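Understanding the architecture of this molecule
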Amino acid sequence: MIKRKALQELLATACGLERVAFEPGMGQEWVAELPAEAAPCAIEALRTLPAWRHLSTITGQVVGDAIQLLYHCWLGRGVTLRVTLPREGAQAPSLAARLPGAAWYEREIQELLGVAFRGLPEGPPLLLSETWDAPPPLADPKEHP
Amino acid sequence: MTTVRLPIGPQHPLLKEPLSLQIDVAGEQISEATVRIGYVHRGIEELTRCRSYVQNVHLIERICGICSHIHSTTYCQAVEALLGIEIPPRAAALRVLLCELERIHSHLLWIGVLGEAIGFTTIFMYAWRDRELVLDIMERLSGGRVSHAANIIGGVRVDLGAEEIALIEQTLDTLETRLSLYRDLMVHDRPFRLRTQGIGRLSLETVQALGIVGPTARATGVDVDMRRDAPYAGYGGLSFRVIVGSEGDVWSRADVRQQEIAQSLSLCRQAIRALPEGDLAVRAPARVPEGEVVTRTEAPRGELIYYVRSDGSDRPARLKIRTPTLPALMSLAGLLRGVQAADLPVVIAGFDLCIACADR
Amino acid sequence: MLVLWQMLVFPGALFLISGSLLIAWLDRKIIAKLQGRVGPPWYQPLADMLKLLSKEDIMTVDTDALMATLLPLLAVASTLAAGMYIPVGNRAVMSFEGDLIIVVFLLAIPTLGYFLAGWASGGVYGVLGGNRSLLQYFSYEVPLLIGLSAPALYSGSWQILALMDAQRAYRWHLFSLPVGFFVALIGLIGKLKRVPFDIPHAKTEIGAGPLTDYSGRKLALWKLTIMLQTLVGLNLLVAVYMGGADRMWGAWGYLIYGIKIMTLLAGLAAVQALYARLRIDQMAQLGWRALVPLGLAQMLIALWISGG
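Residues numbered from 1 in each chain as written. Chains lettered and ligands numbered in written order. Predicted model: local features only at pLDDT ≥ 70, side-chain atom pairs only at ≥ 80, totals over all residues.

Looking at the overall build of chain C
- Secondary structure summary: chain C contains 13 helices and 0 strands in total.
- Computed over its C-alpha atoms, the radius of gyration of chain C comes to 19 Å, within 12% of the 19 Å expected for a compact globule of 308 residues.
- If you line up chain C on its principal axes, its C-alpha atoms span 60 × 45 × 40 Å.
- Taking all 308 residues of chain C together, 51% fall into the buried category.
- Across chain C, every contact between residues at least 6 apart in sequence was considered, and the portion connecting residues at least 24 apart equals 80%. (Helix = DSSP H or I, 4+ residues; strand = E, 2+ residues; numbered from the N terminus. Rg over C-alpha atoms; globule rule 2.2 N^0.38 Å. Buried ≥ 20, exposed ≤ 12 C-beta atoms within 10 Å, placed from the backbone. Contact = placed C-beta atoms within 7 Å.)

In structure tokens, the structure reads:
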């Protein structure tokens, strides 16, 4: 059974993230707020744990003036890492080089939200057609159409 | 040897749903494969923002035809968590019953599809005939064979009387006997084994790197099942075995699913026999307080995860869905390289893909 | 005049065509029953044929129009011609010493034509299906020929009618040369491209194989060829291995002959319901590694027993 403190210490030692705490939230998850650019290192650190099973998905959403990336992982219990980015010119490092399973999730966020993932291999869009010329569908500033 | 570009899809007799595979075949070997999805992308996640939580129950159920109930169950669970309400025990048991019935008919559907892919149409006819028994129960209980509208936020809408219980028990008995046919098929039928053993093998590394879930992962030895690891609805009090295989080939996936049907039959029986009395639902307010929640359930194809964020109104601010087919699709292109062209239908059918789920 | 009647009506073209429609219906009905289904009504193959004949005949720009038009005609014609030499009941329209070889040759033309049709259509599925069909052709015509040769060596004649006569008093070649019968039967299944050897037109793999880009009249003729081949092939096996009508005259002869055809058909339908499709390499291996040696062994035994 993994412990929250152990996770906090792991992130501190492996990635130099000193004040990252895992709080219960989102129902049954443990949630940690990460600084920008910290996601790849944190995910790699979590992957070293024997309890690691898989990355469930990456959620992208617009909250107010920011874009949030939520990395939902399963380690025998749900662990979610949150990264907050500014909305304009949002970009994040891609996990795809070390964790190929993240590629399609990142690509989806790229085309539906307009976030650029550095290091994500070039390729056709996942869900939208190549001829899509409207703004990214989920990046709409209106709260409820 | 010249390379021929063989387009499979988006429309092809092999595929039940639109999916584009561009396959390069040199002789009988596949040298290159590209996979593209998105042909049934309906923008569900964006649509949910335009509808109230209650209206979304109707929409969510229509993401997929084969796993409609687990989608609505997961969604309702997420909203119930945001509301802080707990559904009555009878509703929890009924949700389990419908989820397991859905698992049975989904696996039977897949066994038939696999049989058809290898030219064994008799298995297809038998499996889908047996599947009709389950669909008849669904229709009896809810009025719909495929979309049941059985869940509401706060509980369920359908109920079982003595007659329905007797009918279900009888059907479960019939399915139990018919299941032995599929067991024999897996173990004893030589042509079936010739066409499925050693084909489409996924290594443990690939499964872990891509985050593949469900029976496909379990067939490669990954021991994850949300019903046991994160019990939801009424699963907490029920006992069942998580089936884990080892070979990771198409045969192993078929074997895992066939055994899972047996486990599901047992779970259905347990749910019926221990059906608690009480209400079917609790009242749920239309406005959901601010908050976010992550829910995970075990759909027939694997872990289904929903993330819901509410902003205090009666409509979701964000609904994110990741269906279990998506990671499996990621492995398809890599897996196809080096496969014999003749094994192509077996590999594709052996994945149990639900493209409508993946595209949303 | 009599010969003309026999060629065109009975036991010639008209009989063969309507008989093959009947056989096709029985085939589908038996398979349906084995699969727990109801199956089509008796007029279904006829209805399918009429429907196809009334549909638009589309040819893509890549299709070789001359070949695409000639091949199905050639296929139907050669199968009908082959049927002339095989006794229905007790008589054949024509018969001469050596006609067994002619019949096998005539029956091989549609199979070759089938693969050429795939190439002529110019479509990807057509070409791939044609390639597979060619490989299958090599793997199953040989066993069929070997299987049919064994009775000829045994009874000392290459005339089908004479072979039938040689089996009178129930001394069927089926009993004296069972291995040969088995080899010929499997060879026939391979030739007819039935399960487990239906790779060339495996729907889930390559559309409809060589016939993917055909429609209307041409497709109707190809479907007819397949049905005719089934009847003529069964006819051939019954005459050469199962004693034909056993020289019983009149209605009895036809009845006996009909029962034998039905029995073989039921066997073929059962195989279709019970087995999965083999992969092309597995099918080729079966043909060359199992059937051909068995067939050759049977031929040697036949020679030895007949003291020839």
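Regarding helix α3 (residues 103-113) of chain A
- With 9 of 11 residues buried, α3(A) is to be regarded as a mostly interior element.
- Every buried residue belonging to α3(A) is among A103(A), W104(A), Y105(A), E106(A), R107(A), E108(A), I109(A), Q110(A) and L112(A), and all of these are buried.
- On its buried face, α3(A) is in contact with β3 (54-63) and β7 (116-118) of chain A together with α12 (325-336) of chain B.
- In the segment just after α3(A), G114(A) is the residue with positive phi, at about 85°.

A closer look at the interface of chain A and chain B
- Listed per partner, the contact involves 31 residues of chain A and 37 residues of chain B.
- Of all the elements in the fold, those that place two or more residues in the side of chain A that touches chain B are β3, β4 (66-74), β5 (78-86) and α3 of chain A.
- Ranked by the residues each element gives to the side of chain A that touches chain B, the list is headed by β3(A), at 6 residues.

Points about the confidence of the model for chain C
- Taken residue by residue, chain C gives an average pLDDT of 83. The fraction at 70 or more is 96%.
- Both confidence scores are given for the complex: pTM 0.85, ipTM 0.90. (pLDDT = per-residue confidence, 0-100.)

Some words on the packing of helix α3 (residues 44-54) of chain C against helix α11 (residues 216-241) of chain C
All names here are of chain C.
- Packing of α3 against α11 leaves a shortest axis separation of 7 Å and a crossing angle of 150°. As judged from the angle between their axes, α3 and α11 are roughly antiparallel. Contacts from P45, M49, L52 and L53 of α3 reach α11 at G216, R217, L219, A220, K223, L224 and M227.
- Tallied by class, residues from the contact of α3 with α11 come to 8 nonpolar, 1 polar and 2 charged. (Axes fitted to C-alpha atoms, helices over the stretch in contact; angles between N-to-C directions. Parallel < 35°, antiparallel > 145°, perpendicular 65-115°, else oblique. Nonpolar A, V, L, I, M, F, W, Y, C, P; charged D, E, K, R; others polar.)

Let's talk about the arrangement of the chains
- Counting contacts across all 2 pairs of chains that touch, the top-ranked interface belongs to chains A and B.
- Regarding chain A and chain C, the two do not touch, and the least distance separating their C-alpha atoms is 25 Å.

Quick look at the interface of chain B and chain C
- Every contact between the two is made by 24 residues of chain B and, on the other side, 23 residues of chain C.
- For the side of chain B that touches chain C, the secondary structure elements donating two or more residues are β1 (3-8), α4 (89-117), α5 (121-142), α7 (190-196) and α13 (344-349) of chain B.
- For the side of chain B that touches chain C, the leading source of residues is α5(B), giving 5 residues.

What about the sheet that holds strand β6 (residues 291-299) of chain B?
Residues and elements named next belong to chain B.
- Pairing is antiparallel in the open sheet, where 3 strands are placed in the order β6-β7-β8. Looking at which strands have only one partner, the edges of the open sheet turn out to be β6 and β8 (316-322). Neighbour-to-neighbour, the strand axes of the sheet open up by a mean angle of 15°, direction not taken into account. (Pairing = 2+ DSSP bridges.)

Digging into the nonpolar core
- If you look at the biggest cluster of nonpolar residues, it comprises 243 residues, and the most contacted ones within it are A39(A), V79(B), V96(B), I160(C) and L237(C).
- In terms of residue count, α4(B) provides more of this core than any other element does, 17 residues in total.
- Contacts of L237(C), omitting those with residues within four sequence positions, involve A184(C), L185(C), L188(C), M242(C) and L264(C). (Core = buried A, V, L, I, M, F, W, Y, C linked by C-beta atoms within 7 Å.)

Concerning unusual backbone geometry
- Within the chain, A149(B) stands out as a residue other than glycine whose phi angle is a positive 50°.
- Summarising the element assignment, A149(B) is placed in the loop between α5 and β4 (151-152).
- When the 17 C-beta atoms within 10 Å are taken as the criterion, A149(B) is described as partly exposed.
- Although it is not a glycine, K193(C) sits at a positive phi angle of roughly 55°.
- Looking at where K193(C) falls in the secondary structure, it is placed in the loop between α9 (178-191) and α10 (203-206).
- Residue K193(C) is classed as buried on the basis of its C-beta count, with 22 C-beta atoms lying within 10 Å.

Topic: the sheet that holds β4(A)
All names here are of chain A.
- Strand order in this open sheet of 5 strands is β1-β2-β5-β4-β3, and the pairing throughout is mixed. Lying at the two open borders of the sheet, with one neighbouring strand each, are β1 (23-25) and β3. Strand after strand, the sheet turns through a mean of 30° between neighbouring axes, direction not considered.
- Pairing between strand β2 (residues 29-34) and β5: 5 bridges, direction parallel. In the sheet register, W30 faces β5, and the bridge partner there is V79.

Focus on helix α4 (residues 65-84) of chain C
Residues and elements named next belong to chain C.
- Between the first and last C-alpha of α4 there are 30 Å, a value that for 20 residues agrees with the 28 Å anticipated at 1.5 Å per step.
- Looking at α4, one finds that the buried residues are A68, L71, P72, A75, V76, S78, T79, L80, A81, A82, G83 and M84.
- Summarising the contacts, the buried residues of α4 are in contact with α1 (2-8), α2 (13-34), α5 (99-121) and α11. (Expected span 1.5 Å × (residues − 1).)

Concerning the environment of L188(C)
Residues and elements named next belong to chain C.
- Within the fold, L188 resides in helix α9.
- On the neighbour-count criterion, L188 (24 C-beta atoms within 10 Å) is buried.
- Separated by 29 residues in sequence, L188 and Q159 have C-alpha atoms that sit 19 Å apart.

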